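# Structural description and commentary
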Amino acid sequence: MDWTSLISFFLILIVWGTSLYAERIGGRSSSFAVRVARRGLFGSLFILACILAYMSREQFLAWQGNELSRYLVPPYRDWGYFIGYAYRHLWAPYVVSACAGAAIACAAAYANRRRGGIFFEAEEPYFIAFAVFIIGHPGWVAYLLVVLAAYLFVSVGRLLMSRKAERVPFYRFWLPCAVLAFAVRAYLVRYGWYADLFM
């Protein structure tokens with residue numbers, strides 16, 4: 001497991017814990033809960049950007065200090081090659097998942113606003129964006145599949161137990177599903193077809 005994956009996993013646990021605390025203190029959709037969810041999302045974006053910048057710097061210094069690879073960085077080669085390499089191998093999974101998370105969260109917030117707030121609590125789009133972003137690419141696809149499977153499992157279980165079809169609130173499932181999707185991603189990453197499927 002690389003550093004970004006390990007830190008991402010701990011960020012999931014931290015945001016999950018603080019969201020449970022915020023829900024207990026302020027209740028769902030309170031300004032405190034929304035503020036905690038928003039800060040968790042943007043704080044995680046900042047932390048991972050700093051880590052990726054540090055890893056890019058270390059990669060540059062490693063190449064610069066090696067007898068053979070120093071010809072891949074300036075002054076022997078232009079910056080474009082190194083920036084392209086760093087983007088493809090370090091930044092791209094999180095840039096793609098951040099864009100996917102933003103798109104999914106905006107769609108969820110828009111649908112919720114159009115229907116008068118019946119689908120999600122105010123902080124749930126932040127949870128969705130955070131989970132999709134932090135898993136990385138292509139792990140966010142596994143996350144969406146885990147969310148769908150968990151929702152179907154809980155809905156069918158509730159239907160069988162209560163004999164009534166009712167909507168299941170998913171408030172407490174977004175971040176635990178991220179932990180489960182992280183485990184699924186760690187398992188699937190061993191197979192080359194998984195990474196090649198989406199890149």
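Model, not experiment: these values are computed from the prediction.

### Details of the overall build of the protein chain
Each helix and strand in the protein chain was counted, giving seven helices and zero strands. From first element to last, N terminus to C terminus, the protein chain shows the α and β order α-α-α-α-α-α-α. The principal-axis extents of the C-alpha atoms in the protein chain amount to approximately 70 × 35 × 30 Å. In the protein chain, once contacts between residues fewer than 6 apart in sequence are set aside, the share between residues at least 24 apart is 70%.

### Observations regarding the nonpolar core
Membership of the largest hydrophobic core comes to 36 residues, with the highest contact counts inside it found for Ile 134, Ile 135, Tyr 143 and Trp 174. Mapped onto this core, the elements with two or more residues apiece are helix 1 (3–26), helix 2 (31–65), helix 3 (79–114), helix 4 (124–135), helix 5 (139–162) and helix 6 (174–188). If you tally residues by element for this core, the top one is helix 4, at nine residues. Contact partners of Ile 134, with chain neighbours within four places excluded, come to Ser 8, Leu 11, Ile 12, Ser 44, Leu 48 and Tyr 94. Phe 60, Val 73, Phe 82 and Ala 86 belong to the second-largest nonpolar core, a separate cluster that totals five residues.

### A short note on the side chain of His 137
For His 137, the location among the structural elements is in the loop between helix 4 and helix 5. Within polar-contact distance, the side chain of His 137 engages the side chain of Trp 140 at 2.9 Å.

### Brief notes about the layout of surface pockets
If a probe the size of a water molecule is rolled over the atoms, the empty space left behind becomes visible. As a volume, the second largest pocket reaches approximately 210 Å³. Along its surface, the second largest pocket is lined by 13 residues, and Leu 41, Gly 101, Ala 102, Ala 105 and Ala 129 are the ones closest to its centre. Contributions of two or more residues to the lining of the second largest pocket are made by helix 2, helix 3 and helix 4. At six residues, the largest contribution of residues to the lining of the second largest pocket is made by helix 3. Partitioning the lining of the second largest pocket into residue classes produces twelve nonpolar, one polar and no charged.

### A word on the environment of Phe 32
Mapped onto the fold, Phe 32 is located in helix 2. Once residues within four sequence positions are removed from consideration, Phe 32 is found in contact with Tyr 21, Ala 22, Ile 25 and Gly 26.

### Comments concerning empty space enclosed by the protein
Per the counting criterion, the structure on display carries one cavity of 30 Å³ or more. Counted as a void, the largest cavity has a volume near 60 Å³. In this structure, the largest cavity is lined by Trp 16, Ser 19, Leu 20, Glu 23, Phe 127, Tyr 171, Arg 172, Phe 173, Trp 174, Leu 175 and Pro 176. The set of elements that each furnish at least two residues to the lining of the largest cavity consists of helix 1 and helix 6.

### Looking at a nonpolar patch on the surface
A grouping of Trp 3, Leu 6, Phe 10, Leu 13 and Ile 14 is seen on the molecular surface, where their side chains present a nonpolar patch of about 510 Å² in accessible area. With respect to the helices and strands, the residue Leu 13 is situated in helix 1.

### Description of helix 6
When the terminal C-alpha atoms of helix 6 are compared, their 20 Å separation across 15 residues agrees well with the 21 Å that a helix rising 1.5 Å per residue should span. Buried within helix 6 we find Trp 174, Leu 175, Cys 177, Ala 178, Ala 181, Phe 182, Arg 185 and Leu 188. Taken end-on, helix 6 shows its buried residues confined to a sector of 150°, consistent with a single buried face.

Cut-offs applied
- Residues numbered from 1 in each chain as written.
- Predicted model: local features only at pLDDT ≥ 70, side-chain atom pairs only at ≥ 80, totals over all residues.
- Heavy atoms only, no water.
- Helix = DSSP H or I, 4+ residues; strand = E, 2+ residues; numbered from the N terminus.
- Contact = heavy atoms within 4.5 Å.
- Core = buried A, V, L, I, M, F, W, Y, C linked by side-chain atoms within 4.5 Å.
- Buried < 20%, exposed > 50% of the residue type's maximum accessible area, 1.4 Å probe, protein only.
- Polar contact = N/O pair within 3.5 Å; in protein donor to acceptor, adjacent residues only side chain to side chain.
- 1 Å grid on protein atoms, 1.4 Å probe; cavity = no way out; pocket = protein on both sides within 12 Å on 5 of 7 lines; lining within 4 Å.
- Points joined across faces, edges and corners; volume = space filled by probe spheres on them.
- Nonpolar A, V, L, I, M, F, W, Y, C, P; charged D, E, K, R; others polar.
- Patch = residues over 30% accessible without salt bridge, like charges linked within 9 Å, V, L, I, M, F, W, Y side chains within 5 Å.
- Areas by Shrake-Rupley, 256 points an atom, 1.4 Å probe, with all protein chains shown as cover.
- Salt bridge = Lys/Arg side-chain N within 4 Å of Asp/Glu carboxyl O.
- Expected span 1.5 Å × (residues − 1).
- Arc of directions from axis to C-beta.

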